[in-house]
2 protein chains.
Amino acid sequence: MINQNPYKNTSPLEVRKLIREGKITGQTSGMCDGFAQANLCILPEKYAYDFLLFCQRNPQSCPLLEVGDAGNKFLNTSAAECDITTDLPKYRVWEKGKLVGEFTDVSDYWRGDLVTFVIGCSFSFEGPLMANGIDVRNISENHNVPMYLTNIDTKPAGIFSGKMVVSMRPIPHDKIVKAVTVTAKVPKVHGAPIHIGSPEIIGIKDISKPDFGEPSTIRPGEVPVFWCCGVTPQSVVMNSKPDFCITHAPGHMLITDIPEAQLQN
Amino acid sequence: MINQNPYKNTSPLEVRKLIREGKITGQTSGMCDGFAQANLCILPEKYAYDFLLFCQRNPQSCPLLEVGDAGNKFLNTSAAECDITTDLPKYRVWEKGKLVGEFTDVSDYWRGDLVTFVIGCSFSFEGPLMANGIDVRNISENHNVPMYLTNIDTKPAGIFSGKMVVSMRPIPHDKIVKAVTVTAKVPKVHGAPIHIGSPEIIGIKDISKPDFGEPSTIRPGEVPVFWCCGVTPQSVVMNSKPDFCITHAPGHMLITDIPEAQLQN
């Protein structure tokens with residue numbers, strides 16, 4: 001490994017504690033090898049049915065790992081002793097579709113009517129890609145994965161609708177098939193790619209300027225490969241404008257106790 | 001084939017029309033080869049979030065194929081021109097957890113606040129089992145699959161909780177592994193078995209007396225193999241007692257337009 005994350009072999013429980021204490025504040029790719037990371041979307045109960053239905057209708061963008069009980073900021077199954085308002089390195093707070101700000105702690109925003117949605121993250125298939133001899137550029141270049149807003153419509157549900165967000169990893173021609181088959185085995189963390197090649201077909205004008213995260217170098221002979229991304233709910237929130245919403249900041253994920261092996265088909 | 005269903009090669013649209021006209025009234029196993037059949041659960045909107053969450057938490061029992069829009073008795077994606085109140089051969093109507101009766105048409109019960117849940121059915125893996133040289137006893141004996149109430153708790157969600165219902169097919173010892181691997185490929189129609197052998201471990205006292213459907217002959221050298229069943233919502237409705245509910249009658253399924261091949265991993 002050229003760049004090994006210093007928390008690669010730390011337990012999820014310990015990393016969540018370090019995050020809570022403010023000792024980890026950066027993006028989480030490469031931490032806690034073998035454990036699933038997750039996107040976060042917290043909404044008032046009055047929107048919970050529409051959002052749950054949105055996830056059911058868009059399972060590749062929003063593969064649910066857990067839905068919390070209304071008003072409970074602790075999770076039931078995916079992360080032990082995890083206070084959902086303090087245990088991610090960075091959050092975003094939204095009001096009526098506008099970003100209010102980014103915070104390392106959102107406990108002051110917690111309310112008794114909030115429901116937590118924990119959504120699988122493509123970081124969980126980066127280990128299997130590397131194990132299959134595929135360089136994951138955002139890891140080898142040590143930066144947040146590049147993410148793009150596309151022109152692909154999600155399937156609407158109730159108040160929620162909007163465009164899909166994708167993550168991109170450059171893959172050499174002769175490894176594209178392997179990248180598809182490896183990721184197809186893990187549908188709970190977005191599964192197989194949604195698009196291979198030509199960014200313009202899915203509405204991406206400049207591959208060097210991601211809408212979230214940082215650009216990855218695309219080397220000669222490599223093709224940009226795109227996977228559905230759990231930042232999609234943020235695009236949907238911007239479009240659908242619920243009164244209030246808390247999400248993770250892109251790349252700054254919930255690290256769960258769920259072994260990635262459990263998520264394989 | 002010893003017993004080939006006369007509607008094996010009829011289209012789902014045509015079979016739904018024959019059902020609507022009262023020309024087909026029996027159980028649907030073996031009809032419309034290659035198309036997914038589905039369990040039905042229709043609930044008032046006030047219970048829809050709890051039931052959708054129940055399905056999310058119990059995906060092996062309740063793999064959702066579609067959730068309708070409140071008040072719309074036609075489906076959006078899984079079956080064209082399908083009136084959900086007339087196009088299944090037999091329905092059950094429930095009030096406060098009690099069975100009111102069985103009907104071939106529930107259009108008089110339809111209300112503007114009802115939400116339709118379409119749930120995958122194990123009939124969809126019977127073709128792949130047979131294609132792999134495994135005799136599906138309920139088809140070769142031409143009767144409804146035997147289903148049993150178990151002692152296995154589902155994961156509760158809101159008002160909904162109760163015991164799991166399973167379907168059973170006898171499998172020869174040397175074909176059990178193949179039966180597992182074939183069905184594991186189709187998680188949207190219940191996937192791999194939940195239990196193999198010893199019925200008493202999962203609370204089944206007498207394998208010759210199913211709670212729903214009809215008994216299958218278990219021949220010497222065969223083992224009873226159990227799969228999660230979409231009749232589970234009926235067990236849950238009996239236990240949780242929502243004011244009102246419509247389901248299919250066990251074995252009398254919605255025949256969808258979804259090619260079974262699309263549901264494979």
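How each quantity is defined
- Think of each chain on its own: its residues are numbered from 1, step by step along the sequence as written.
- To read the labels, note that chains go from A and ligands from 1, taken in the order they are written.
- At least 70 in pLDDT is required for a residue's local features to be given in this predicted model, at least 80 for side-chain atom pairs to be given and counted, and no such filter applies to totals for whole chains, interfaces and linings, which use all residues.
- Secondary structure elements are taken from DSSP: a helix is a run of H or I of four residues or more, a strand is a run of E of two residues or more, and numbering for both begins at the N terminus.
- Around each residue's C-beta, the other C-beta atoms within 10 Å are counted; 20 or more make the residue buried, 12 or fewer make it exposed, and counts in between make it partly exposed. All C-beta atoms are placed from the backbone.
- Contact between two residues is assigned when their C-beta atoms, built from the backbone, lie within 7 Å.
- A pair of strands counts as paired when DSSP detects no fewer than two bridges linking them.
- Working convention: axes come from line fits to C-alpha atoms, limited for helices to the stretch in contact. Angles between N-to-C directions cover 0 to 180 degrees.
- As used here, a nonpolar core is made of buried Ala, Val, Leu, Ile, Met, Phe, Trp, Tyr and Cys residues. They are joined through C-beta atoms within 7 Å.
- Each domain's limits were defined by an automated method or a database of domain assignments.
- When the copies are superposed, the least-squares fit takes in the C-alpha atoms of residues with a pLDDT of at least 70 in both.
- With the far helix as reference, a near helix turned anticlockwise by less than a right angle produces a left-handed crossing, and one turned clockwise produces a right-handed crossing.
- Amino acids outside the nonpolar list (Ala, Val, Leu, Ile, Met, Phe, Trp, Tyr, Cys, Pro) and the charged list (Asp, Glu, Lys, Arg) are all regarded as polar, and Gly is one of them.

### Let's talk about the overall build of chain A
Part 1: Along chain A, the regular secondary structure elements total six helices and eleven strands.
Part 2: Counting only C-alpha atoms and orienting by the principal axes, one finds that chain A spans roughly 50 × 40 × 35 Å.
Part 3: Every one of the 265 residues in chain A was classed for burial, and the buried ones make up 49%.
Part 4: When contacts within chain A are restricted to residue pairs at least 6 apart in sequence, those whose partners lie at least 24 apart make up 78%.

### Here's the deal with the environment of B:Glu102
Residues and elements named next belong to chain B.
Part 1: With respect to the helices and strands, Glu-102 occurs in strand 4 (residues 98-103).
Part 2: Glu-102 gets classed as exposed once you count the C-beta atoms within 10 Å, which come to 12.
Part 3: Along the chain, Glu-102 and Asn-239 lie 137 residues apart, while their C-alpha atoms are 19 Å from each other.
Part 4: Excluding residues that lie within four positions of it along the chain, Glu-102 makes contacts with Lys-90, Tyr-91, Arg-92 and Ala-249.

### Here we look at the sheet that holds strand 6 (residues 147-153) of chain A
Residue and element names in this part refer to chain A.
Part 1: With antiparallel pairing, four strands are arranged side by side in an open sheet as 6-7-9-8. Bordering the open sheet on either side are strand 6 and strand 8 (195-196), each of which pairs with just one other strand.
Part 2: Of the pairings in the sheet, the one linking strand 8 to strand 9 (residues 222-228) comprises two bridges and is antiparallel in character. Of the residues in strand 9, the one forming a bridge with Ile-196 is Val-225.
Part 3: Its contacts with the sheet place helix 5 (residues 176-184) against strand 7 (163-172), strand 8 and strand 9, and it is angled at close to 15° to strand 9.

### Comments concerning the environment of A:Pro44
Residues and elements named next belong to chain A.
Part 1: Along the chain, the position of Pro-44 falls in strand 1 (residues 35-44).
Part 2: Using a count of 16 C-beta atoms within 10 Å as the deciding quantity, one classes Pro-44 as partly exposed.
Part 3: Along the primary structure Pro-44 and Cys-55 are separated by eleven residues, whereas in three dimensions their C-alpha atoms are 16 Å apart.
Part 4: Dropping the residues within four chain positions of it, Pro-44 is found in contact with Asp-113, Leu-114, Asp-243 and Phe-244.

### Some remarks on the nonpolar core
Part 1: The biggest cluster of nonpolar side chains holds 146 residues, and the ones touching the most others in it are A:Leu52, A:Val166, B:Leu52 and B:Val166.
Part 2: Discounting chain neighbours no more than four positions away, the residues touching A:Leu52 are A:Val67, B:Tyr49, B:Leu52, B:Leu53 and B:Gln56.

### Quick look at the domain arrangement of chain A
All names here are of chain A.
Part 1: Segmenting chain A into domains produces domain 1 (12-121 + 240-260) and domain 2 (123-232).
Part 2: Here the C-alpha centre of domain 2 lies 21 Å away from the C-alpha centre of domain 1.
Part 3: At the junction of the two partners, domain 1 supplies 30 residues and domain 2 supplies 30 residues.
Part 4: Elements supplying a minimum of two residues to the side of domain 1 that touches domain 2: strand 1, helix 2 (48-57) and strand 5 (114-120).
Part 5: Broken down by element, the residue count for the side of domain 1 that touches domain 2 peaks at six residues, all from helix 2.

### Concerning the relation of the copies chain B and chain A
Part 1: Note on the copies: chain B fits chain A at an RMSD of 0.0 Å, the axial shift is 0.0 Å, and the rotation between them is 180°. Here the symmetry operator amounts to a two-fold rotation axis. The rotation axis passes nearest to the C-alpha of B:Tyr49 in chain B, at a distance of 2.5 Å.
Part 2: When you check the interface residues of chain B against chain A, 100% turn up at the interface there too, and the contact is symmetric in its surfaces.

### Looking at the packing of helix 2 of chain A against helix 2 (residues 48-57) of chain B
Part 1: Following both chains from N to C, one finds helix 2 of chain A and helix 2 of chain B inclined at 35°, their axes separated by 9 Å at the closest point. As helix 2 of chain A runs across helix 2 of chain B, the sense of the crossing is left-handed. Residues A:Ala48, A:Tyr49, A:Leu52, A:Leu53 and A:Gln56 of helix 2 of chain A pack against B:Ala48, B:Tyr49, B:Leu52, B:Leu53 and B:Gln56 of helix 2 of chain B.
Part 2: Its residues assigned to classes, the contact of helix 2 of chain A with helix 2 of chain B shows eight nonpolar, two polar and no charged.

### Examining the sheet that holds strand 6 (residues 147-153) of chain B
Residues and elements named next belong to chain B.
Part 1: Taken together, four strands build an open sheet; the order of strands is 6-7-9-8 and the sheet is antiparallel. One side of each edge strand has no neighbouring strand; the edge strands of this open sheet are strand 6 and strand 8 (195-196).
Part 2: Of the strand pairs in this sheet, strand 7 (residues 163-172) and strand 9 (residues 222-228) are connected by seven bridges, and their pairing is antiparallel. Looking at strand 9, one finds that Met-168 is bridged to Phe-226.
Part 3: Running at roughly 15° to strand 9, helix 5 (residues 176-184) makes contact with strand 7, strand 8 and strand 9 of the sheet.
Part 4: Of the strands in this sheet, strand 6, strand 7 and strand 9 are in contact with helix 6 (residues 232-240), which crosses strand 7 at around 150°.

### Details of the interface of chain B and chain A
Part 1: Counting residues at the interface gives eight residues for chain B, matched by eight residues for chain A.
Part 2: Listing elements by their share of the side of chain B that touches chain A, those giving two or more residues are helix 2 and strand 2 (64-67) of chain B.
Part 3: Looking at which element gives the most residues to the side of chain B that touches chain A, the answer is helix 2 of chain B, with five residues.
Part 4: Classifying every residue of the side of chain B that touches chain A gives six nonpolar, two polar and no charged.

### Some words on the pairing of strand 4 (residues 98-103) of chain A
Part 1: Within strand 4 of chain A, only zero of the six residues are buried, which leaves it mostly out in the open.
Part 2: Once strand 3 (residues 91-95) of chain A ends, the chain turns through two residues before running back antiparallel as strand 4 of chain A, passing A:Lys96 with a positive phi of about 50°.

### Considerations on helix 6 (residues 232-240) of chain A
Residues and elements named next belong to chain A.
Part 1: For helix 6, the buried fraction is high: seven of the nine residues fall into the buried class.
Part 2: Residues of helix 6 that are buried include every one of Thr-232, Pro-233, Gln-234, Ser-235, Val-236, Val-237 and Ser-240, and no others.
Part 3: Looking at the packing, one finds that the buried side of helix 6 touches strand 1, strand 3, strand 6, strand 7, strand 9 and strand 10 (244-248).
Part 4: Looking one or two places after helix 6, you find Lys-241, whose phi comes out positive at around 55°.

### Some words on unusual backbone geometry
Part 1: With a phi close to 50°, A:Lys96 is a non-glycine residue in the positive phi region.
Part 2: Along the chain, A:Lys96 turns up in the loop between strand 3 and strand 4.
Part 3: A residue is classified by how many C-beta atoms lie within 10 Å of it, and A:Lys96, with 13 of them, is partly exposed.
Part 4: One non-glycine residue, B:Lys241, lies in positive phi territory at about 55°.
Part 5: Among the secondary structure elements, B:Lys241 is positioned in the loop between helix 6 and strand 10 (244-248).

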